[in-house]
Amino acid sequence: MDFQKLKEEIISYSREIGIDKIGFAAADTFSELKNRLLRQQELNFQSGFEEPDIEKRVNPDLIFHEPRSIIAIALAYPSKMKNPPQSKRGERRGIFCRASWGTDYHVLLRNKLKLLEEFIKDKVPQAQVKSMVDTGELADRAVAERAGIGWSGKNCAIITPEFGSYVYLGEMITSLPLEPDKPIEEGCGTCNKCVDVCPTGALIEGGQLNAQRCIAFLTQTKGFLPDEFRSKIGNRLYGCDTCQTVCPENKGKDFHFHEEMEPDPELAKPLLTPLLNIGNREFKEKFGHVSGSWRGKKPIQRNAILAIAHFKDETALPELFGLLKHDTRPVIRGTAAWAIGKIGGGEALSELTSALAAEADEDVVHEIEKGLHMISSVK
Ligand code: SF4
Ligand code: SF4
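What comes next concerns the included structure. (Residues numbered from 1 in each chain as written. Chains lettered and ligands numbered in written order. Predicted model: local features only at pLDDT ≥ 70, side-chain atom pairs only at ≥ 80, totals over all residues. Heavy atoms only, no water.)

**Remarks on the overall build of the chain**
- The number of helices and strands found in the chain is 17 helices and 10 strands.
- At 23 Å, the chain has a C-alpha radius of gyration in line with the 21 Å of a compact globule built from 379 residues.
- Seen through its C-alpha atoms, the chain measures out along the principal axes to roughly 80 × 45 × 40 Å.
- Taking contacts inside the chain between residues at least 6 apart in sequence as the whole, the part at least 24 apart equals 77%.
- Of the roughly 17,800 Å² that the chain leaves accessible, carbon and sulfur atoms contribute 48%.
- Put simply, the chain has 50 plus and 55 minus side-chain charges, and the middle of one group is 4 Å from the middle of the other. (Helix = DSSP H or I, 4+ residues; strand = E, 2+ residues; numbered from the N terminus. Rg over C-alpha atoms; globule rule 2.2 N^0.38 Å. Contact = heavy atoms within 4.5 Å. Areas by Shrake-Rupley, 256 points an atom, 1.4 Å probe, with all protein chains shown as cover. Lys, Arg positive; Asp, Glu negative; His and termini not counted. Charge placed at Lys NZ, Arg CZ, Asp CG, Glu CD.)

This is the structure in structure tokens:
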């Protein structure tokens, strides 16, 4: 079998099916990554969403019988909305990060990888393949780096020379000895913009991320957001793009190759107040197809409440009072209490006072007390 020819055919087919960049890597153990992950674990910098078994993340041998190569793919996504919502006075909006615009990228990448698998199987029927996107055992970024898709920036994103870091990554382990490509030897040099601008200090020198401090991760948690991050989350409902938008490598990078990735502006930057009382069915109908909905509506609603507090939007107070009184979820009642306290005013004081008398949940009581404290300290 002429594997060089097969590699060329795979590359040319990948272009036909709309894969924007493809690279090939050896399937050896990711030894450097292992050290980095162990260090992350030691420091408790992990998000908790990743594959827990580090050996499986770094050793393709453990998840695939005799792996010979890994194919890495990248799809470029848009960084600018073509028709952003018109801002009207008094209408406050939240924001989903760019990686949550359009159809969930897991679906798009899996479809491309499936087509590629079929193509390979057609050429080499005995070929074994295993594809993954984001939630698989392997680290997408480590594979992409080794396969020459891009280099790893201090913002922990893979930066491609063509599309900047606005790329989705996926990979396929194969039993075929496809010649590896060379990693790209570029780097951030003296630039440190992303580290300097990160609102929570989540980026550590040397390209490390403390996921426990990263807003992108924090927007996905389901409990109370720790106090220190509540004023830093701004109006982000899901994810955070700050360390990508400041990156000089992303300047002017905005690609609209895939119709499915075009955002509906009303979903990518939705009005905040209607989110407070959105029903399960409506949430699913509207947001079910975007990647930012994978944790359900509660984190989005909690973040919407914090965004309203960030804007000190008094017009949303009646809805917040309603949540404080009637919502069955302590995180929502408590976050509403905190937001009411932050917005303040005479009515806020009386609503919080009566809620305090009626509330039985300890955590919510604590949040109401914080709200009352905020009001009394501005008097
Ligand atoms: Fe910091 Fe946001 Fe980047 Fe996380 S995504 S490292 S919070 S700038
Ligand atoms: Fe590297 Fe600067 Fe981009 Fe950060 S902002 S990833 S330091 S080039």
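What follows continues from the structure just given.
**Some points on the site of ligand 2**
- As a matter of local geometry, ligand 2 sits amid G153, K154, N155, I159, C188, C191, N192, K193, C194, C247 and P248.
- Split into classes, the residues belonging to the shell around ligand 2 amount to 6 nonpolar, 3 polar and 2 charged. (Near = heavy atom within 4 Å. Nonpolar A, V, L, I, M, F, W, Y, C, P; charged D, E, K, R; others polar.)

**A few points about the packing of aromatic side chains**
- Per the stated rule, a full pass over the model turns up 12 aromatic pairs.
- When the ring of Y77 is compared with that of Y168, the centres are 4.3 Å apart and the planes differ by 25°; the resulting orientation is stacked. In this pair, Y77 is assigned in the loop between β2 (69-76) and β3 (95-96) and Y168 in strand β7 (residues 167-174), connecting sequence segments 91 residues apart. Comparing Y77 with Y168, the two get one shared label, buried. (Phe/Tyr/Trp six-rings, centres within 6.5 Å; stacked < 30°, edge-to-face > 60°. Buried < 20%, exposed > 50% of the residue type's maximum accessible area, 1.4 Å probe, protein only.)

**Some remarks on helix α16 (residues 346-358)**
- Over its 13 residues, α16 runs 19 Å from end to end, which matches the ideal 18 Å to within 8%, given 1.5 Å per residue.
- Restricting attention to buried positions, one finds in α16 the residues A348, E351, L352 and A355. Down the axis of α16, the buried side of the element spans an arc of 95°, and every buried residue falls inside it. Within α16, the exposed residues directed more than 90 degrees away from the buried face are G346 and A357.
- Buried-residue contacts for α16 involve α14 (317-326), α15 (330-343) and α17 (362-378). (Expected span 1.5 Å × (residues − 1). Arc of directions from axis to C-beta.)

**Digging into the sheet that holds β7**
- Reading across the sheet, the 4 strands line up as β1-β2-β7-β4 and stay open at both edges, with antiparallel pairing between neighbours. Two strands bound the open sheet, and with one partner strand each, they are β1 (21-26) and β4 (129-132). Looking at each pair of strands side by side, their axes are set apart by 20° on average, direction ignored.
- Of the pairings in the sheet, the one linking β1 to β2 comprises 6 bridges and is antiparallel in character. Its bridge partner lying in β2, G23 is registered against A72.
- With respect to the sheet, helix α1 (residues 3-16) is in contact with β1 and β2, its orientation differing from that of β1 by roughly 150°.
- In the packing of helix α4 (residues 105-123) onto the sheet, contacts are made with β1, β2, β4 and β7, and the angle to β7 comes to roughly 35°. (Pairing = 2+ DSSP bridges. Axes fitted to C-alpha atoms, helices over the stretch in contact; angles between N-to-C directions.)

**Observations concerning the site of ligand 1**
- Neighbouring ligand 1 are C198, P199, T200, L203, L209, C214, I215, C240, T242 and C243.
- Its residues assigned to classes, the shell around ligand 1 shows 8 nonpolar, 2 polar and no charged.

Take it as geometry only, folks, not as evidence of what the structure does.
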